[in-house]
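# Analysis of the macromolecular model
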Amino acid sequence: ITGALVDPTLDSYQWEPRRMDASVVRLQGYRSGIILGLNSLSRGSRPNSPSVSAYGLDLRYTMPQWQFRGEVIHSKSGGMTNQGYYADAFFKPFGAPKTTFLGRIERAESDFPNMVDSHLVTLGVKQVLTPWLQLDVLHSWGNHGTLSENSRGWTFQIITFIRF
């Protein structure tokens, strides 16, 4: 069990928390290769800002060559709700330890004005080129929803790592 008081609102040039008025709690357990987590965030109303609550459930299962993970979330603020989920699958073929194939489905729904429900599917491959360099090639498709609008199509990324 983990808990904290946090400031979930970020303002421009904010270096430190200004209002530690939201509580976060996480309960996590492990059994037979499955990690299961429950999350919550709650904040009372502020002047000119409604109360906020969010609850989530996440799951991860790992077996040789495969990893599956996913999350569902439901939140409420000012009488409006958001909800969504994602599910990932990762596959590392035998004989190619630096290659990972991946797939993801995700969906987000909202009652908020000007928000269009979104769904997105992504398939791709990640290739470790050196200990400090990785190449990702991804292709995503879905509707023209608010959250998926700029995520569709091909993505090529070269990622570097700094290890501490």
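One structure accompanies this document, and this report is about it. On a predicted model such as this, the values are computed, not experimentally measured, just so you know. Each chain has its residues counted from 1, following the order in which its sequence is written. The model is predicted, so local features are restricted to residues of pLDDT at least 70 and side-chain atom pairs to those at 80 or more, both for listing and for counting; the totals for chains, interfaces and linings are taken over all residues. Remark: hydrogens and water are excluded; side-chain values derive from all non-hydrogen atoms of the structure.

Labels follow the DSSP assignment, with helices taken as runs of H or I lasting at least four residues and strands as runs of E lasting at least two, numbered in each case from the N terminus. In this fold, Leu138 is placed in strand 9 (residues 133–142). Exposed residues in this analysis have more than 50% of their type's maximum accessible area, buried residues have under 20%, and partly exposed residues fall in between, with area computed by a 1.4 Å probe over protein chains only. Looking at Leu138, the relative accessible area reads 16%, which means it is buried. Spatially, the C-alpha atom of Leu138 lies 36 Å from that of Gly3, the residues being 135 residues apart in sequence.

A word on the side chain of Asp88. Relative to the helices and strands, Asp88 is located in strand 6 (residues 80–91). Given the relative accessible area of 6%, Asp88 is considered buried. In protein, a polar contact requires one atom able to donate a hydrogen and another able to accept it; more generally it is a pair of N or O atoms within 3.5 Å, and residues adjacent in sequence count only if both atoms are side-chain atoms. In terms of polar contacts, Asp88 uses its side chain to reach the side chain of Arg104, at 2.6 Å. Any two residues whose heavy atoms approach within 4.5 Å are treated as being in contact. If we skip the residues at most four places from it in the chain, Asp88 touches Gln67, Phe68, Arg69, Gly103 and Arg104.

Let us look at the sheet that holds strand 3 (residues 34–43). By definition, two strands form a pair when at least two bridges between them are found by DSSP. Spatial strand order, 1-2-3-4-5-6-7-8-9-10: 10 strands in an open sheet with antiparallel pairing. Sheet topology places strand 1 (2–6) and strand 10 (153–160) at the edges, where each strand pairs with a single neighbour. Each neighbouring strand pair of the sheet contributes to a mean axis angle of 15 degrees, computed without reference to strand direction. Pairing geometry for strand 1 and strand 2 (residues 22–31), over 5 bridges, is antiparallel. Looking at the pairing, Thr2 lines up with Arg26 of strand 2. To define axes, lines are fitted to C-alpha atoms, for helices over the stretch in contact only, and angles between the resulting N-to-C directions are given on a 0 to 180 degree scale.

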